[in-house]
Amino acid sequence: MSIQWFPGHMNAAKKKAAEQMADVDVVIEVVDARLPAASCNPLVEELRKFRQRPCLKILNKIDLADPDATAAWIRHFEQDKSVTAYAMTTKKPSDVAKVIAKARKLAPHRSDALKPLRMMIMGIPNVGKSTLMNALLKRRVAKVGDEPAVTKQQQKIYLDMETVLIDTPGLLWPKIEMPSDGMALAASHAIGANALIEDEVAIWLAEELLKRYPELLKARYKADVSAMDGVALIERVAQLRSYRLKGGEWDFEKASHMLLQDYRSGLLGRISLETPETRAAALAVHIEQERIKAEEAARKAAEKEAERMKGKRGT
């Protein structure tokens, strides 16, 4: 299943962000620490690099992510000299307190009331942008919710006379190229429920967790998972929770939802769905698959043209 989700308000948000980027000093991009590359919006990269704006890339929700993977991602992102990467959780005020100072270092020429530091907070839905905004301001100015795309309009707020924050709606991109990215985003609750089939997302997540964190699954679901596939793991969840349908069969839908909730809430443990190494490998496979598709399409087009020319000569 290929998951795509780009509702109308996101297209409007993209246009508005492009207009505002000219008047921004620093882009603060919030990503999900469990899937830092998959949750990086290529539109954000495109807009900020066009305007040559530095980026404070915040890996949020580190309390849910594998710390070793997070450390590897920090090193990876900071290979780009225009990026400062910062791993944090909005649950810790001490983490939030460091954000503005880190952003200010990226634009030292903006430091007073005549030249206030102008920051745009960007990111995909449900990564914690609005929660960060509220924490920075120490009051509720942005809507926060457990569903993706709660914020739908841009707002500009003064943190103080020297600091301006622009909050933007959660923004995805028109086409998610890699199917695994769509699944990871859906599993992590960044995709609207109407754009996915939850059972399929849960099976994908189960397969990934069996490969990456079998010991965490064993501890949570009290079973030897070494011989299980994704379907068997979800059936084990149903068995453990006594999720049955009226006919006595396991309630696969309810168990799928529970697996996703266990992952999203951190009850399974600290999990990352990608590392820089696995990301590079997945990209290589995707590029090769796209090359094969292009060659096959070109071959079929050539055959069709040859048939057309043959028929034309026959007449």
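Here the structure is a predicted model, which is why all the values come from computation and not from measurement.

Thresholds applied
- Residues numbered from 1 in each chain as written.
- Predicted model: local features only at pLDDT ≥ 70, side-chain atom pairs only at ≥ 80, totals over all residues.
- Heavy atoms only, no water.
- Helix = DSSP H or I, 4+ residues; strand = E, 2+ residues; numbered from the N terminus.
- Buried < 20%, exposed > 50% of the residue type's maximum accessible area, 1.4 Å probe, protein only.
- Lys, Arg positive; Asp, Glu negative; His and termini not counted.
- Salt bridge = Lys/Arg side-chain N within 4 Å of Asp/Glu carboxyl O.
- Polar contact = N/O pair within 3.5 Å; in protein donor to acceptor, adjacent residues only side chain to side chain.
- Contact = heavy atoms within 4.5 Å.
- UniProt positions renumbered as here; feature names shortened; annotations may be inferred.
- Disulfide = S-S within 2.5 Å.
- Core = buried A, V, L, I, M, F, W, Y, C linked by side-chain atoms within 4.5 Å.
- pLDDT = per-residue confidence, 0-100.
- Pairing = 2+ DSSP bridges.
- Axes fitted to C-alpha atoms, helices over the stretch in contact; angles between N-to-C directions.

Caption draft 1: Representation of the side chain of Asp95 within the structure. When you line up the elements, Asp95 lands in helix H4 (residues 93–96). Buried charge without a salt bridge: Asp95, with Lys92 as the nearest opposite-charge side chain at an N-O distance of 4.2 Å. A polar side-chain atom of Asp95 sits 3.2 Å from the main-chain amide nitrogen of Thr89. When sequence neighbours within four positions are dropped, the list of residues in contact with Asp95 reads Tyr86, Met88 and Thr89.

Caption draft 2: Main features of the UniProt feature "binding site: GTP" (unreviewed entry) in the protein. On the UniProt side, "binding site: GTP" (unreviewed entry) is annotated at positions that read Asn60, Lys61, Ile62, Asp63, Asn126, Val127, Gly128, Lys129, Ser130, Thr131 and Gly170 here. On the secondary structure map, Asp63 appears in the loop between strand E2 (55–60) and helix H3 (67–77). Assessed through its relative accessible area of 29%, Asp63 is described here as partly exposed. Tracing the sequence through the fold places Gly128 in the loop between strand E4 (117–123) and helix H6 (129–137). For Gly128, the residues in contact, after removing those within four places along its chain, are Asn60 and Thr90.

Caption draft 3: Looking closely at the state of the cysteines. Under the defined criterion, the tally for this structure stands at zero disulfides. A disulfide-free cysteine, Cys40 has its sulfur positioned 7.8 Å from the sulfur of Cys55, the nearest such atom. Judged by relative accessible area, Cys55 falls into the buried class, the value being 0%.

Caption draft 4: Representation of the nonpolar core. Within the largest apolar cluster, 61 residues are counted, with the highest numbers of intra-cluster contacts made by Ile28, Val99, Leu185, Leu205, Leu209 and Leu259. For this core, the leading source of residues is helix H8 (residues 198–212), giving seven residues. In this view, Leu209 contacts Pro214, Leu217, Leu259, Leu268, Ile271 and Leu273; residues no more than four positions away in its chain are not counted. By size, the runner-up hydrophobic cluster in this structure holds 13 residues, among which are Ala37, Cys55, Leu59 and Val83.

Caption draft 5: Focus on the environment of Glu19. Topologically, Glu19 is positioned in helix H1 (residues 8–20). Owing to a relative accessible area of 55%, Glu19 belongs among the exposed residues under this scheme.

Caption draft 6: Spatial organisation of the confidence of the model for the protein. Residues with a pLDDT of 70 or more make up 90% of the protein, whose mean pLDDT is 88. Below pLDDT 50 for its whole length, residues 144–152 participates in 30 contacts with residues either more than four positions away or in separate chains.

Caption draft 7: Examining the sheet that holds strand E6 (residues 163–167) more closely. Across the sheet, which stays open at both edges, the six strands sit in the order E3-E2-E1-E4-E6-E5 with mixed pairing between neighbours. The open sheet terminates on both sides in strands that have one partner only, identified here as strand E3 (83–87) and strand E5 (155–160). Across the sheet, the mean angle separating the axes of adjacent strands is 25° when strand polarity is ignored. In this structure, E2 lies alongside E3, joined through five bridges in parallel fashion.

Caption draft 8: Seen up close, the pattern of salt bridges. By the definition in use, this model includes 20 salt bridges. When the shortest N-O distance is used, the salt bridge between Arg291 and Glu288 registers 2.4 Å. Of this pair, Arg291 and Glu288 both sit in helix H12 (residues 276–314), separated by three residues, roughly a single helical turn. A salt bridge links Glu296 to Arg299; its shortest N-O distance comes to 2.4 Å. Of this pair, Glu296 and Arg299 both sit in helix H12, separated by three residues, roughly a single helical turn. Given a relative accessible area of 32%, Glu296 falls into the partly exposed group. Several salt bridges share partner residues, and in doing so they unite Glu29, Glu45, Arg48, Lys49, Lys57 and Asp80 into one network.

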